[in-house]
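The lines below spell out each chain.
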Amino acid sequence: MPGAVAYFTSRRGGVSPPPWESLNLGLHVQDDPERVRINRERVTAGLGLPPNPWVTAEQVHGARVGVVDGAESDGGRVLPATDALITAARGVTLALFFADCVPLFFAGPGAVGLAHAGWRGTLSGIAVSTLEALRQRFGIEPSEVWVGIGPAIGPCCYEVSEELWNEFNRRLGTGVSPGPRYLDLAAANRELLLRAGVAPDRIVEARLCTRCRADLFFSHRRAGFPTGRMAALIYRP
Ligand SMILES: [Zn+2]
């Protein structure tokens, strides 16, 4: 992305056994922390990420945005009760973890960000909260921001209750619901981003379903608990 380097990992290439096979990067899913450490090191080395420890968050499906100051004060920190991270510091890798929820990558002039949007985070507006934080903290307008929407559970696989389906339809229109009781969470976030002023040609979507692609991704919906977690990673070079 312009002004940022961003990645989304697959499940391949790590050392964890089933049910985390194999590149599990989450520390909260009962995998051995030593294996997770090795897996994270492989990603850092393999992708040539900055050497500082990743800054991560205790994701709680909320809408709180954490501001990360720099590697010296924040390297290795886990921000409590936080579902989005932004920073203007160079060389600080932000990381959030996923197994079906929607990863959102933000890159504006002078700052980057990440957000974690499951259905709760989507409805509580984590995408818009992240844009607001970029404006308030760093003076970046939504129209200046590039957004990447990474792999997530697709409209093919995401069946929800009638109540939740109705709520998404009422709030975001029928474009987010491809069929009865099926939701397109990526499209819902795209709609929220557009309403907040992001340019349509600055939104880039992976359109890969984490539940369909068992060869590539962990999926909470498919595998239940425990399973592994992929990482969304972004930094300013
Ligand atoms: Zn699918």
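Residues numbered from 1 in each chain as written. Predicted model: local features only at pLDDT ≥ 70, side-chain atom pairs only at ≥ 80, totals over all residues. Heavy atoms only, no water.

Asks: I'm lost on the coordination of the zinc ion in this one. Help?
Replies: Each angle at a metal carrying four tetrahedral donors should ideally be 109.5 degrees, and each at a metal carrying six octahedral donors should ideally be 90 or 180 degrees. Within the protein, the atoms that donate to the zinc ion are C156 (SG), C157 (SG), C209 (SG) and C212 (SG), at distances of 2.2 to 2.3 Å. One can describe the donor arrangement at the zinc ion as tetrahedral, given that its four donor atoms subtend angles of 103 to 115° at the metal. In primary-sequence terms, the residues that donate to the zinc ion follow C-C-x51-C-x2-C. Linking C157 in the loop between strand 9 (146-149) and helix 5 (162-172) with C209 in the loop between strand 10 (203-205) and helix 7 (220-223), this pair joins segments that are 52 residues apart in sequence. Relative accessible area serves as the criterion here: at 14%, C157 is assigned to the buried category. Overall, C209 belongs to the buried group, its relative accessible area being 9%. (Donors = N, O, S within 2.8 Å, 3.2 Å for Na, K, Ca; no water. Tetrahedral: all angles 85-135°; square planar, octahedral: opposite > 155°, others 65-115°. Helix = DSSP H or I, 4+ residues; strand = E, 2+ residues; numbered from the N terminus. Buried < 20%, exposed > 50% of the residue type's maximum accessible area, 1.4 Å probe, protein only.)

Asks: Sorry if this is basic, but what is going on with the nonpolar core here?
Replies: Where a protein is soluble and globular, its nonpolar side chains tend to be buried together. Core analysis: the largest hydrophobic core is formed by 38 residues, its most contacted members being L104, F106, F168 and L193. Looking at this core, the elements with two or more residues in it are strand 5 (84-87), strand 7 (102-108), strand 8 (111-117), helix 4 (126-138), strand 9, helix 5 and helix 6 (185-195). Grouped together as the second largest cluster of nonpolar side chains are 18 residues, A4, A57, F98 and A107 included. (Core = buried A, V, L, I, M, F, W, Y, C linked by side-chain atoms within 4.5 Å.)

Asks: Sorry, what's going on with the packing of aromatic side chains here?
Replies: The relative placement of two aromatic rings is captured by the distance of their centres and the angle of their planes. Considering all chains together, one arrives at two aromatic pairs under this definition. On the numbers, 6.2 Å between centres and 55° between planes, the contact of F8 with F217 is tilted. Here F217 lies in the loop between strand 10 and helix 7 and F8 lies in strand 1 (residues 5-8), a separation of 209 residues in the sequence. Overall, F217 belongs to the buried group, its relative accessible area being 4%. Each residue in the set F8, F98 and F217 is aromatic and connected to the rest through ring pairs, giving one cluster. (Phe/Tyr/Trp six-rings, centres within 6.5 Å; stacked < 30°, edge-to-face > 60°.)

Asks: Teacher, can you tell me more about the packing of helix 5 against helix 6 here?
Replies: For any two helices packed against each other, the geometry is given by the interaxial angle and the distance between the axes. Axis separation between helix 5 and helix 6 bottoms out at 11 Å; the angle between their running directions is 25°. Taken together, the axis directions place helix 5 and helix 6 in an arrangement best described as roughly parallel. For helix 5 against helix 6, the interelement crossing comes out left-handed. Residues F168, R171 and L172 of helix 5 lie in contact with helix 6, whose contacting residues are L185, A188, E191, L192 and R195. In the contact of helix 5 with helix 6, the residues fall into five nonpolar, no polar and three charged. (Axes fitted to C-alpha atoms, helices over the stretch in contact; angles between N-to-C directions. Parallel < 35°, antiparallel > 145°, perpendicular 65-115°, else oblique. Left-handed = near helix turned anticlockwise from the far one by under 90°. Contact = heavy atoms within 4.5 Å. Nonpolar A, V, L, I, M, F, W, Y, C, P; charged D, E, K, R; others polar.)

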